[in-house]
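Survey of secondary and tertiary structure
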Amino acid sequence: MKTTQESIFSSKTLTYFLQLAETMNYTQAAQILGITQPALTQQIKKLERTVGAPLFYSVGKKLRLSDAGYTMLNATHSIYDVLNKATDEIQQTTSATQGTINIGVLASIEDHVFEDFAIKYYEANPNVIISLHMLTRKEIWERLENNRIDLAVMYLPDESIKNWKPYQSKKIIQDELLFISGDEKLAKKKRIKFKDTTLNPWVTYPENYYLDQVVKESYKNQLADLPTAVARFTTPQQIYRFVAATNTNTALPNSFMVANPATDQLHTLSFEPAIKFDLNFVFRKDKDQIPRIKNFLDEFDAYLRTEDYISRLQKINQK
């Protein structure tokens, strides 16, 4: 017979609870978990019976955490922190030249430099498996929290992240968001004011993607009307091809444009004022002390000392 602790702290129970606490929507949580909504509801009710209190309550159609729910959420995070710390401590005794390194890369990032480095890293470290995943920002943070990826490659600052305490970051480069347009009147300009970028419709990233939020925040800060989006895509390559084929505008990172220079029909300008952000490695604290992770980061530093990030992107375009 299971004890109360076993009933509460099974991996499945915690996973279900955390996913519902994240989405605050039974239907959405069930879809993400790959189960039916009644099955999820049954598991949550079972957990509530075990702890002796409701963990969620409804206000109209909106779901909220109860006081007991917040206590359970904090306890669950504490459990995961202990388990992740134990995993990291164990791995710190392992070899620098064996094992797997799981890396999550934000899907909106130009990833050729990381692909090129992975090839060179394999040549020097054939017994280390590099597993590269192109992910959304939400997927990256979920996998970092659950210790399913060792390193994330993503843009910062990220105002949507409220709890930075368990994490640290390592800057790769500073990037800049550039305005892309086929308007011939812009051919000789190098900079453009926000209010002058909305004459034509835009194609951009899906709502809640990092760069979509950066655009919205920047326009808000400049007291400028937001561009009207007529299409949204998840990768810069898709956005770029759409703009090249239509009379639309967009904003893409300088790092992407260096590797994919604009055609004669497209013009690239800096915003005035410029929109800048950093590309970083993000990882749980002390993760960089695991031998294979430390070796990977050290070799990546050496790789960029040999030739910097932007120069490598420029070479990619020349191939």
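Residues numbered from 1 in each chain as written. Predicted model: local features only at pLDDT ≥ 70, side-chain atom pairs only at ≥ 80, totals over all residues. Heavy atoms only, no water.

1. Focus on helix α8 (residues 210-221)
Definition in use: We count a stretch as a helix when DSSP gives it H or I for four or more residues in a row; a strand needs E for two or more, and each element gets its number in order from the N terminus. What a helix should span is 1.5 Å times the count of its residues minus one. Only protein chains enter the area calculation, which uses a 1.4 Å probe; residues under 20% of their type maximum are buried, those over 50% are exposed, and those in between are partly exposed.
Here α8 is 12 residues long and its end C-alpha atoms lie 16 Å apart, about the 16 Å a rise of 1.5 Å per residue gives. Considered for burial, the residues of α8 that qualify are Tyr210, Leu211, Asp212, Val214, Val215, Ser218 and Tyr219. Within two residues after α8, Leu223 carries a phi angle of roughly 55 degrees, on the positive side.

2. A few points about the packing of aromatic side chains
Rules: Two aromatic rings, drawn from Phe, Tyr or Trp (for Trp, its six-membered ring), form a pair once their centres lie within 6.5 Å of each other, and the interplanar angle then sorts them: stacked below 30 degrees, edge-to-face above 60, tilted otherwise. Both a distance and an angle decide whether a charge sits over a ring: NZ of Lys or CZ of Arg must be within 6 Å of the ring centre and within 35 degrees of the ring normal.
All chains considered together, the criterion is met by 27 aromatic pairs. Where Phe114 meets Phe300, the ring centres are 5.7 Å apart and the plane angle is 5 degrees; that geometry is what we call stacked. In this pair, Phe114 sits in helix α6 (residues 112-124) while Phe300 sits in helix α11 (residues 291-306), placing the two residues 186 residues apart along the sequence. An angle of 85 degrees between the planes, with centres 5.4 Å apart, marks the rings of Trp141 and Trp164 as edge-to-face. In this pair, Trp141 sits in helix α7 (residues 137-145) while Trp164 sits in the loop between β5 (151-156) and β6 (167-181), placing the two residues 23 residues apart along the sequence. Judged by its relative accessible area of 29%, Trp164 falls in the partly exposed class. One aromatic cluster is present, built from ring pairs that chain together Phe114, Phe117, Tyr121, Phe281, Phe296, Phe300, Tyr303 and Tyr309. Here Arg312 stacks its cationic end above the ring of Tyr303, 3.6 Å away from the centre of that ring.

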